[in-house]
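These are the residues of each chain, in order.
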Amino acid sequence: MTYSDIYKRSIEDPNGFWGEVAEDVQWYKKWDKVLDDSNPPFYRWFSGGELNSCYNALDYHVENGRADQLALIYDSPVTDTVRKYTYTELRDEVAKFAGVLASKGVSKGDRVIVYMPMVAEAAIAMLACARIGAIHSVVFGGFAAKELATRIDDAEPKAIVSASCGIEPNRIVEYKPLLDEAIEIADHKPGTCVILQRPQVTASMVDGRDIDWEQAVASAEPVDCVPVAATDPLYILYTSGTTGVPKGVVRDNGGHLVALKWSMSNCYDVKPGEVYWAASDVGWVVGHSYIVYAPLFHGCTTILYEGKPVGTPDPGAFWRVISDHGVNVLFTAPTAFRAIKRDDPNAEYLKNYNLDGFRALFLAGERCDSATLHWAKEKLNVPVIDHWWQTETGWPVGCNPIGIEVLPVKPGSCATPLPGYDIKVLDESLNEMPAGDIGGIAIKLPLPPGTLPTLWQNDEGYKRSYLSQYDGYYTTADAGFIDEDGYLWIMSRTDDIINVAGHRLSTGGMEEVISDHADVAECAVVGVADKLKGEIPVGFVVLKSGVDRPDEDIVKEIVQMIRGKIGPVASFKIATVVKRLPKTRSGKVLRGTIKKIADGNEYKVPATIDDPVILSEITSDLETLGYPNKG
Ligand code: COA
Ligand code: AMP
């Protein structure tokens, strides 16, 4: 069947299409309904079905010929360690850690926060939760204590799993003080914290609450997989929204398993037994879907890499991993390739490695510039596939489905919608835009399996954030167009989310932090183009009248506040004090215009602007910072 036949069927007959796809996974009890549309706009998949995601990821393979195959390779250049787990070994580790959680009273439906660096134990903790039906919520290690506290209060975890430290190339990040501070700030207090003591730092433990990972596992009884409803949550993953409060994206067990397994052969063209590497972090959706779950559902070997594309130790790091472990397919963010290209423009390091088995490179997380795509294709001589998705969708929305059919590549486009995604480009009155014209990208409800059914304990927030803009559609908050060949082009966000090194961040959240500074009257944070990270946040700050402290001191304090309250991941390093912000007559800050000036793009002076002179002031402030050419 061609891509078009498959896509058409998925839209016209979702029950038939996904019902057949779902036969490929292991069920304790088959579903009553494939698509349960009894309570719109809340659609559920495979209601009545029962299964276990950990069983599908591990035990099934142990029982069906993959017991001695490698399931996971932990490769850590920052600690000079490589550790390999067969499917049996990983299953046993997970079963024992599930025993630790169970012995602390964690059971089906309870939440467990995982705040860990990129160590194998992070994946083990996630799978252990899945094994006993607990709901994990992984929090990225680059977030500060306050962000962690917000997630603790929303998810109300019974237990938290963490480690003594993470290792960044330039420093050791002690996690435990951040965890202790977060628990201190949060109203909700977890009963248990399981701490992995790493050799680099020994964390101090809180009596009666904290237990040592190694000791706990040594005495744990392994536990078996528990059947859960297909519609039960597997995890909550918090992602930036338009305010400082993150959104708790819920993922179910059944739809997620079915969609992810399907994607491995159809999008990524990977076969069971092959080696798949997503160079991301378990704290992001890419890490959930394509470091942990999908490769294991599919019987592949997955790589969990604790390092960077450059500097650990050099720009040949990715080629070393591909060659050492026989990686067939790599998935990462364009920023990683921009970093490699910057440090090794002629790809000299490639010459030291044998990449014979390497077949394809997939990029996502941010818009991929054509120069990076061409460079990667020319140097690696494999297809480079840009694909588009979001934390909310859990798996790609737009992708060249090379496992079905290799469609011609158009650099800058993520190719075509995958099955189940009925995509429309709309104007504000819900009219479809003509081919080539930019509009808001919306997906007709119901969304396919694997996508978010709702936000954690916040059905109203789900409707407000995603379903209220276009009646009957999910809004992606991305703007773009569909061309005359049906290819999708994702151009920008329509909200205040920016993408920094493939990490999704809210400028609104940063503004909330800056506004708390005693000397700040108002501020705007704008995502400005950056050669390495795609975008970086730049702050524009207006001081309260009468403040006579040096601007540099205030800027330093603001940078530190963002680092302390949101985390280093925000990459917030540039801010400037301005006399006033450009606004419309109704008081809306013209962030889009500031961005255009900073990026050196043409802009029209908005007709509604309060005072056009402010634009020349901002232009000269930006010039002082080195823009428009700096990015
Ligand atoms: N724990 C603690 N701190 C972390 C962290 C973690 N897990 N991950 C990143 N940080 C810190 C970094 O140390 C850095 O701190 P600094 O300001 O003190 O230098 C800051 O957060 C920003 O990190 P990052 O955005 O990763 O920038 P970088 O300059 O360290 O590295 C790249 C730049 C391009 C090499 C890096 O972003 C990268 O490898 N990207 C790959 C793409 C990727 O993983 N995308 C995820 C989605 S697919
Ligand atoms: P996240 O939820 O962190 O995965 O971020 C999702 C957002 O990243 C999307 O809404 C897009 O704005 C952006 N994004 C992800 N992949 C792509 C891509 N291939 N092209 C353009 N933008 C992308």
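Residues numbered from 1 in each chain as written. Chains lettered and ligands numbered in written order. Predicted model: local features only at pLDDT ≥ 70, side-chain atom pairs only at ≥ 80, totals over all residues. Heavy atoms only, no water.

**Some words on the sheet that holds strand S19 (residues 360-363)**
Across the sheet, seven strands lie side by side as S5-S4-S17-S16-S18-S19-S20; this open sheet has mixed pairing. Each edge of the sheet is formed by a strand with only one pairing partner; in this case those strands are strand S5 (81-86) and strand S20 (384-386). This sheet shows a mean twist of 20° between the axes of neighbouring strands, independent of strand direction. With three bridges connecting them, strand S16 (residues 275-278) and strand S18 (residues 329-332) associate as parallel partners. Residue pairing for S18: Ala278 is matched across the bridge by Phe331. Against the sheet, helix H10 (residues 285-297) touches strand S4 (70-76), S16, strand S17 (301-305) and S18, its axis set at about 150° to S17. (Pairing = 2+ DSSP bridges. Helix = DSSP H or I, 4+ residues; strand = E, 2+ residues; numbered from the N terminus. Axes fitted to C-alpha atoms, helices over the stretch in contact; angles between N-to-C directions. Contact = heavy atoms within 4.5 Å.)

**Some details on the pattern of salt bridges**
Note on pairing: side chains with opposite charge can pair once their charged atoms come close. For the structure on display, the rule yields 41 salt bridges. Residues Asp519 and Arg549 are paired through a salt bridge, measuring 2.7 Å at the closest nitrogen-oxygen approach. Pair noted here: Asp519 is in the loop between helix H15 (507-515) and strand S29 (520-530) and Arg549 is in the loop between strand S30 (534-543) and helix H16 (551-565), with a separation of 30 residues, a long-range link. Given the relative accessible area of 13%, Asp519 is considered buried. Among the residues examined, Arg549 registers a relative accessible area of 32% and is labelled partly exposed. Measuring nitrogen to oxygen at the nearest pair gives 3.4 Å for the salt bridge that ties Lys595 to Glu535. Taken as a pair, Lys595 in helix H17 (residues 591-599) and Glu535 in strand S30 lie far apart in primary sequence, 60 residues in all. Taking the relative accessible area as the measure of exposure, Lys595 reaches 26% and is therefore partly exposed. Accessibility expressed as a relative area gives 16% for Glu535, which makes it buried. (Salt bridge = Lys/Arg side-chain N within 4 Å of Asp/Glu carboxyl O. Buried < 20%, exposed > 50% of the residue type's maximum accessible area, 1.4 Å probe, protein only.)

**What to know about the pairing of strand S23 (residues 423-426)**
Of the two faces of S23, the one lined by Ile423 and Val425 and the one lined by Lys424 and Leu426 are each fully buried. The sheet contact formed by S23 and strand S24 (residues 439-444) spans four bridges and is antiparallel. Residue Val425 lies in a different strand from S24, and its bridge partner there is Ile441.

**Things to note about the state of the cysteines**
Structurally, a disulfide amounts to a covalent bond that connects the sulfur atoms of two cysteines. Going through the model one piece at a time under the given rule, you end up with zero disulfides. Of all cysteine sulfurs in the structure, the one in Cys399 sits closest to Cys414, which takes part in no disulfide; the separation is 8.1 Å. Cys414 sits in the buried class, given a relative accessible area of 2%. (Disulfide = S-S within 2.5 Å.)

**Things to note about the environment of Val173**
With respect to the helices and strands, the residue Val173 is situated in strand S10 (residues 171-174). By relative accessible area, Val173 is classed as buried at 16%. With residues near it in sequence (within four places) discarded, Val173 still touches Ser164, Cys165, Gly166, Glu168 and Leu178.

**Considering the packing of aromatic side chains**
Where two aromatic rings form a pair, the distance of their centres and the angle of their planes describe that pair. Applying the stated rule across the entire model yields 38 aromatic pairs. Plain terms: the ring middles of Trp27 and Phe46 are 5.5 Å apart, the flat faces sit at 55° to each other, and that makes the pair tilted. On the criterion of sequence distance, the pair formed by Trp27 in the loop between helix H2 (14-21) and strand S1 (33-39) and Phe46 in strand S2 (residues 42-47) is long-range, its members being 19 residues apart. Trp27 sits in the buried class, given a relative accessible area of 13%. Overall, the relative accessible area of 0% leaves Phe46 in the buried class. Taking 6.1 Å as the distance between ring centres and 70° as the angle between the ring planes, the aromatic pair formed by Phe143 and Trp284 counts as edge-to-face. Placement of Phe143 in the loop between strand S7 (135-138) and helix H6 (145-155) and of Trp284 in the loop between S16 and H10 is noted, with a sequence separation of 141 residues between them. (Phe/Tyr/Trp six-rings, centres within 6.5 Å; stacked < 30°, edge-to-face > 60°.)

**Notes on the site of ligand 2**
Neighbouring residues of ligand 2: 14 residues in total, closest His387, Thr391, Asp478, Arg493 and Arg504. Contact distances for ligand 2 include 2.7 Å between a nitrogen atom and a backbone N or O atom of His387. The separation between an oxygen atom of ligand 2 and a polar side-chain atom of Arg493 is 2.7 Å. Protein contacts shield 93% of the accessible area of ligand 2, which totals 490 Å² for the unbound molecule. (Near = heavy atom within 4 Å. Polar contact = N/O pair within 3.5 Å; in protein donor to acceptor, adjacent residues only side chain to side chain. Areas by Shrake-Rupley, 256 points an atom, 1.4 Å probe, with all protein chains shown as cover.)

**Remarks on the environment of Val275**
Along the polypeptide, Val275 turns up in strand S16. We classify Val275 as buried; its relative accessible area is 10%. Sequence separation between Val275 and Gly299 is 24 residues, and the spatial gap between their C-alpha atoms is 9.4 Å. Other than its neighbours up to four places away in sequence, Val275 contacts Thr301, Ile303, His325, Gly326, Val327, Asn328 and Val329.

**Focus on the sheet that holds S24**
Read from one edge to the other, the open sheet built from four strands follows the order S23-S24-S25-S26, with strand pairing classed as antiparallel. Lying at the two open borders of the sheet, with one neighbouring strand each, are S23 and strand S26 (488-493). Recorded for the sheet is a direction-independent mean angle of 50° between the axes of neighbouring strands.

**Quick look at the domain arrangement of the chain**
Domain boundaries in the chain define domain 1 (3-307 + 387-480) and domain 2 (506-625). Here domain 1 and domain 2 have C-alpha centroids that lie 34 Å from each other. Taken together, the contact between domain 1 and domain 2 spans 13 residues of the former and eleven residues of the latter. In total, domain 1 and domain 2 occlude about 820 Å² of area from one another, counting both sides; carbon and sulfur atoms represent 56% of this. Inspection of the region where domain 1 meets domain 2 yields zero salt bridges. Run the count over domain 1 and domain 2 and you get one residue pair in polar contact (both at pLDDT 80 or more). When the residues that make up the side of domain 1 that touches domain 2 are grouped by side-chain class, the tally is four nonpolar, six polar and three charged. (Domains from an automatic or database assignment. Buried area = accessible area lost by both parts, 1.4 Å probe. Nonpolar A, V, L, I, M, F, W, Y, C, P; charged D, E, K, R; others polar.)

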